[in-house]
Amino acid sequence: MAFPNGAGGYQVGDGNLSELTLGYGSAPLSVDATATLTAAQVTAGMLLVGSGATAAQTYTLPAASLIDAVVTSAKPGSTFDLNVINLGTSSGTAALAMGTGTGFTAGGNAAVVVAITSSALFRFRSTAAGAWTVYKVA
């Protein structure tokens, strides 16, 4: 499959179904040691954790109101995804307390341990102003 030129790419209703669908992703953010994540880290789309860590690390969510301050156009039902990639070594597991933080609810299996050299995908869904539910989807 050839890459689309400047006029190509899939466009809704344009009929370019056989061309590559391109998106945009900013550079991933990272956090190396146990911490409360920032709203910027949670909304980055990709978060690298535990780089070089040889002991377990724990990461918790900020208050949901801080997410609302960054994602100002969110309304109930709005979603975004966060892929967490553990770069730890040896026994550097990453414990993700994704159902914690004021205004967050675990949507099932959101408090997990991500083994070294693996990842987990989380979906965040707004349920009301200052309230988000977090689901582990992969």
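For the structure itself, look to the data block above.
Fair warning: this is a prediction, and the values are worked out from it, not measured in the lab.

Cut-offs used in this document
Residues numbered from 1 in each chain as written. Predicted model: local features only at pLDDT ≥ 70, side-chain atom pairs only at ≥ 80, totals over all residues. Heavy atoms only, no water. Pairing = 2+ DSSP bridges. Helix = DSSP H or I, 4+ residues; strand = E, 2+ residues; numbered from the N terminus. Axes fitted to C-alpha atoms, helices over the stretch in contact; angles between N-to-C directions. Buried < 20%, exposed > 50% of the residue type's maximum accessible area, 1.4 Å probe, protein only. Polar contact = N/O pair within 3.5 Å; in protein donor to acceptor, adjacent residues only side chain to side chain. Contact = heavy atoms within 4.5 Å.

Draft legend 1. Highlighting the sheet that holds strand 10 (residues 131-136). What the six strands build is an open sheet, ordered 1-3-5-9-10-7; its pairing is mixed. Among the strands making up the open sheet, the edge pair consists of strand 1 (29-31) and strand 7 (104-106). With strand direction ignored, the average angle separating the axes of adjacent strands in the sheet is 30°. Pairing of strand 9 (residues 119-128) with strand 10 involves six bridges; the strand directions are antiparallel. By the bridge assignment for strand 10, F122 is matched with K136.

Draft legend 2. Here's a closer look at the side chain of Q57. Within the element layout of this structure, Q57 appears in strand 4 (residues 57-60). Note on Q57: relative accessible area 11%, which makes it buried. From its side chain, Q57 meets the backbone nitrogen of T34 in a polar contact 2.8 Å long. Aside from chain neighbours lying at most four places away, what touches Q57 is D32, A33, T34, T93, A94 and A95.

Draft legend 3. Region of interest: the side chain of S126. Tracing the chain through its elements places S126 in strand 9. Contacts of S126, omitting those with residues within four sequence positions, involve K75, P76, G77, S78, A131 and W132.

Draft legend 4. View of the sheet that holds strand 2 (residues 35-36). The strand order 2-4-6-8 describes an open sheet built from four strands, whose pairing is mixed. Looking at the sheet topology across the chains shown, the edges are occupied by strand 2 and strand 8 (111-114). Relative to strand 4, strand 2 runs parallel, the two sharing two bridges. Paired with A35 across the strands is Y59, a residue of strand 4.

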